[in-house]
Amino acid sequence: MTEKKKRSQYIVIMDWMYDNFGFNCAEANALAIIYGFSQDGESWFCGGSAYIAARLHISQKSAKNYLADFVKRGILEMKKEMVGNVPHNVYRTVPDIENLVLVETSDPGKNFPREKISPVKNFPSDPGKNFPQGREKFSPSNKSSNKSSNKIYLSAAQGGLMDNTPRREDVETDFRERLEIDTLEQRYDPEMLRELLENITTMYTCPNQCMMIGGQLQNTAAIRRQLDKLTSQHIEYIMDSLSNTTQPVKNIQAYLRTTILNAPTTMEHYYQVQANAVCAHSGHPGGPSMPGLDASIRRIRAK
């Protein structure tokens, strides 16, 4: 009996798919599917537009348009392959695609028309409502935003718009102070703490509207709001959880980022489960927990 091949449940989207080609999320997902099959430089993607449409939950017409555009721009190679007596198109990414840059040759008005369009003429009510990059010239609130404090709590104010991505250095400094990283380095592995801070900073400063976290596409603005909730107690919880992990982790970056984002909602449950386990082990499931653990829980809840 042959073993049924397990289907992969995720695709990997690289930063260069956005940066080098100016893709939106759907286009980057489509390219990531083909790249996953052909990144060895020899294999070809044989699924066609039907496979892409099914994986991305888009129409087959849209998938065909993506493939035709990728071939036209020199991102993909295409050839005919006979299946029985029926010709089928197969695709693969061009060699050294990671270093291919086509942003300047792409259509600058594909997603957000910037030039040659007068926002005053076409959108007299609120020029920044549909085209966020034009808001800088029309919104009176922009003047006051330049005088705001250096704190990086920008997620609520920006409303999901990635026009004003905060500087990476400012974000890293702010989280280092807020999460008391220097103090925690006296108790935990400094290298692991630096890796946590690096992942937090990278997620917060992502310039794209969405990013892949744990194999799922998530909104960057929502991720920033979740990161704004982090405190030093959450970092302690994450470090304790990592030290108690016994199962091997295949994708450490995805595991870390998922753990970081879930920390604000799972920390209290984690310590409550630990308290319950101590009570059960001591033979008093209904009684109070150990004084030290009980005091730790009260301290975390108070903060």
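Residues numbered from 1 in each chain as written. Predicted model: local features only at pLDDT ≥ 70, side-chain atom pairs only at ≥ 80, totals over all residues. Heavy atoms only, no water.

Enquirer: Just checking my understanding: could you explain unusual backbone geometry for this structure?
Expert: Residues other than glycine predominantly adopt negative phi, and peptide bonds predominantly adopt the trans conformation. Look at His57: it is not a glycine, yet its phi comes out positive at around 55 degrees. Located in the positive-phi region is Asp96, a residue other than glycine, with phi close to 55 degrees. Among the structural elements, Asp96 can be located in the loop between β2 (86–93) and α5 (119–122). In this structure Asp96 comes out as partly exposed when scored by relative accessible area, which is 48%. (Helix = DSSP H or I, 4+ residues; strand = E, 2+ residues; numbered from the N terminus. Buried < 20%, exposed > 50% of the residue type's maximum accessible area, 1.4 Å probe, protein only.)

Enquirer: So what exactly am I meant to see when it comes to the packing of helix α2 (residues 25–38) against helix α3 (residues 48–56) here?
Expert: Two elements in contact, α2 and α3, have axes whose closest approach is 11 Å; the angle formed by their N-to-C orientations is 125 degrees. By the angle between their directions, the pair α2 and α3 is classed as oblique. α3 is crossed by α2, and the crossing has right-handed handedness. Packed against α2, whose contacting residues are Ala26, Asn29, Ala30, Ile33, Ile34 and Phe37, the element α3 presents Tyr51, Ile52, Arg55 and Leu56 at the interface. For the contact of α2 with α3, the per-class residue count stands at 8 nonpolar, 1 polar and 1 charged. (Axes fitted to C-alpha atoms, helices over the stretch in contact; angles between N-to-C directions. Parallel < 35°, antiparallel > 145°, perpendicular 65-115°, else oblique. Left-handed = near helix turned anticlockwise from the far one by under 90°. Contact = heavy atoms within 4.5 Å. Nonpolar A, V, L, I, M, F, W, Y, C, P; charged D, E, K, R; others polar.)

Enquirer: What's the story with the pairing of strand β1 (residues 76–83) in this structure? I'm lost.
Expert: Two faces make up the sheet, and in a regular strand the side chains alternate between them. With 8 bridges joining them, β1 and β2 adopt antiparallel strand pairing. Bridge pairing in β2 links Met78 to Tyr91. As consecutive antiparallel partners, β1 and β2 are separated by 2 residues, and within that stretch Gly84 has a phi angle of approximately 70 degrees, a positive value. (Pairing = 2+ DSSP bridges.)

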